[in-house]
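Each chain is listed here by its residues.
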Amino acid sequence: TLFGLASDAKLKIEYSYHLAPGQTNFLKTGDAIFVRYNTGANQQDTDYGIVKEVHGDRVNFVRNTTVAVASFEPNAIFANEWMPLADKPNAVADWVTQATSEWGSPANPVPTTHPLFDLLMRRAPKLKGGQSLPTINGADALPAVLAAVDQLDHTTLAIQGPPGAGKTYLASRAIAHLVAQGKRVGITANSHSAIENLLIACLDAGVDGSQIAKRNQTGSSDAKPWRVPKTNSDLGGWLLSQGQAGCIIGGTSWNFASAALRNQPFDYLFIDEAAQFSLVDAICAGSNSNNIVLLGDPQQLTQVVQAVHPGGVDNSALGHYMGEQQIIAESNGFFIDTTRRMHAAVNKPVSWLSYQGMLHAHESTSANRVESVDPGLIAVPVEHLGNASHSIEEAQVVLELVRAQCAKLDQSQVLVVAPYNAQVDLIRDTLDSAGFDLVQVGTVDKFQGREAMVVIVSLAASSAADAPRGLEFLLDRNRLNVAISRAKANCYLVFNPALTRTRFATVTDIKSVSRLVGLLAFAS
């Protein structure tokens, strides 16, 4: 016994751990975790727990345990992220059964009757009458997109929207156009916020709230400007009640995989952030849709995968469809080549980095300027030694840059981006202590879809050898793209010049450093 307690008595024990140098952490305050411990003889077990606080390299967590095992010290914690599959396996199985029955044999031609065949086989979209995709003329892509969606014939269409290209505007106007024609449209994405962002844009495009339904996220009771059925059965019932009228259903892949929706056909399914939406989820959600429209950009943040999957199953829907292409082929979809966010001087390095020089700035972006500063990428070299996931030296430089920018701009117009949570926390503390608590600080994962007049990027690591997860992570093309492209007028790149003088260990290191050197060639 412990303190006279029975061996099965329950305890809550709080721990404070410091991460090893260079170790990265993606846990956040409030996350449910497993707490692992060694019971001897190479045997391990786990308790449940919760993260109480994450600050810099320190993680505080609470372990829910019993007296019998309380003396076994934790040796690891990891996220408790199990999620029920619900009807997803049934949705995939039903479509695979249908597909194999129709196909018959791999020796036969692949059927052309369902959009998922075109998605899986990476085939160009089929238009009624055998037409080719319309050509985008000038900076306005909407006429071509509307003409294309009108003529889709049981197929898949991809729309690649780089930063600030207005894919949400295009999608919402296309959906409103279809609803006005009496079409039944589904909208899905990985997150409720992404789905609801597109639904709000549909309202702005003229769709009435009575024509839209979406269940609230679990735990949310907020009022919405559309119908909010409580269950999937209610959602399916609402859809059935619409008859032949045009309408929109918003939901996650879990909603679309449910029997209540799976048994009712959709004319179109729009998948937002399709570069982060798994291929398997696209099968779940799209199995009963006549046409699928993929919206996204594989050159920005890609699907998060935390396991090893065979045969390309770990890819996103849009990532699979585009294959190795940086820019989608004209025959397979639309590349929206005009950004309405970045000044031309910011866009130029982004276009070089990720879009083969094919992304251009709209003339309206010339108004994106900060007083007394030429627009564009600005290099801010800072020498330091031995820093891995955080740098006090760079945090101080970031503070001075923020102070200078906030003398001209509102704090909401400055974003600070860092690759590591430890640097995010350090900069957050530094800015808060100086009164800049409204300046937002985070990793790129927090800021995709956001924008500000000025963005400050702090790389933190002193050298390639110091960088946690190596240069491949620190100088990852997609993450650099997202970081820089948040800026409307200026992006300050705070870095140690030693990163460009590294000793290469792999070809990947060479490519990573080449990206940094290439970006610096555009910087003032």
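None of the values given here were measured: they were computed from a predicted structure.

### Section: the pattern of salt bridges
The full count for this structure, using the stated rule, is 14 salt bridges. For the salt bridge of E451 with R341, the shortest nitrogen-to-oxygen distance reads 3.0 Å. One end of the pair, E451, is in the loop between α14 (444–447) and β18 (452–458); the other, R341, is in the loop between β13 (338–339) and α11 (344–354), and 110 residues separate them in sequence. We classify R341 as buried; its relative accessible area is 7%. One salt bridge connects D432 with R428, and the closest N-O pair in it is separated by 3.0 Å. Taken together, the residues span about one helical turn, with D432 and R428 both in helix α13 (residues 421–433) at a distance of four residues. The network of salt bridges with shared partners includes D118, R123 and K126.

### Overview of the packing of α11 against helix α16 (residues 477–484)
α16 packs onto α11 with a crossing angle of 165° between their chain directions and a minimal axis gap of 10 Å. Relative to α16, the element α11 lies roughly antiparallel. Of the two elements, α11 crosses α16, and the hand of that crossing is left-handed. When α11 is examined against α16, the residues V346, V350, L353 and S354 are found in contact with a partner set consisting of R477, L480, N481 and I484.

### What to know about helix α5 (residues 192–204)
If you check α5, its first and last C-alpha atoms are 18 Å apart, about what 13 residues at 1.5 Å a residue would give, namely 18 Å. Along α5, the residues that are buried comprise H192, A194, I195, E196, L198, L199, A201 and C202. Among the residues trailing α5, G206 stands out with phi positive, at a value near 115°.

### Looking at the sheet that holds strand β16 (residues 414–417)
Spatially, the five strands line up as an open sheet ordered β15-β19-β18-β16-β17, and their pairing is parallel. Both edges of this open sheet fall to β15 (376–381) and β17 (440–442), since each of them pairs with a single strand only. Looking at each pair of strands side by side, their axes are set apart by 20° on average, direction ignored. Note that β18 and strand β19 (residues 487–495) share six bridges and pair parallel. The residue of β19 that forms the bridge with V455 is C491. The strands touched by α13 within the sheet are β16, β17 and β18, with β17 carrying the most contacts at an inclination of about 160°.

### Quick notes on the environment of I13
Within the fold, I13 resides in strand β1 (residues 10–18). For I13, a relative accessible area of 22% corresponds to the partly exposed category. Remark: the alpha-carbon pair of I13 and R63, spanning 50 residues in sequence, is separated by 5.2 Å. Apart from residues no more than four positions distant in its own chain, I13 is found in contact with F61, V62, R63, T65 and A70.

### Brief notes about the sheet that holds β1
Spatially, β1-β4-β3-β2-β5 is the arrangement adopted by the five strands of the open sheet, whose pairing is antiparallel. Every other strand in the sheet has two partners, leaving β1 and β5 (74–79) as the edge strands with one partner each. Going across the sheet, the axis of each strand differs from the next one's by a mean of 35°, ignoring polarity. Inspection of the sheet shows strand β2 (residues 32–40) paired to β5 by five bridges, in the antiparallel sense.

### A look at the packing of helix α4 (residues 167–180) against α5
The geometry of α4 relative to α5 is characterised by a closest axis approach of 8 Å and an angle of 60° between their N-to-C directions. What the angle tells us is that α4 and α5 run oblique. For the pair α4 and α5, the crossing hand works out as right-handed. On α5, the residues that touch T168, A171, S172, R173 and I175 of α4 are N197, L198, A201, C202 and D204. A class-by-class count of the residues in the contact of α4 with α5 yields five nonpolar, three polar and two charged.

Procedures and definitions
Residues numbered from 1 in each chain as written. Predicted model: local features only at pLDDT ≥ 70, side-chain atom pairs only at ≥ 80, totals over all residues. Heavy atoms only, no water. Salt bridge = Lys/Arg side-chain N within 4 Å of Asp/Glu carboxyl O. Helix = DSSP H or I, 4+ residues; strand = E, 2+ residues; numbered from the N terminus. Buried < 20%, exposed > 50% of the residue type's maximum accessible area, 1.4 Å probe, protein only. Axes fitted to C-alpha atoms, helices over the stretch in contact; angles between N-to-C directions. Parallel < 35°, antiparallel > 145°, perpendicular 65-115°, else oblique. Left-handed = near helix turned anticlockwise from the far one by under 90°. Contact = heavy atoms within 4.5 Å. Expected span 1.5 Å × (residues − 1). Pairing = 2+ DSSP bridges. Nonpolar A, V, L, I, M, F, W, Y, C, P; charged D, E, K, R; others polar.

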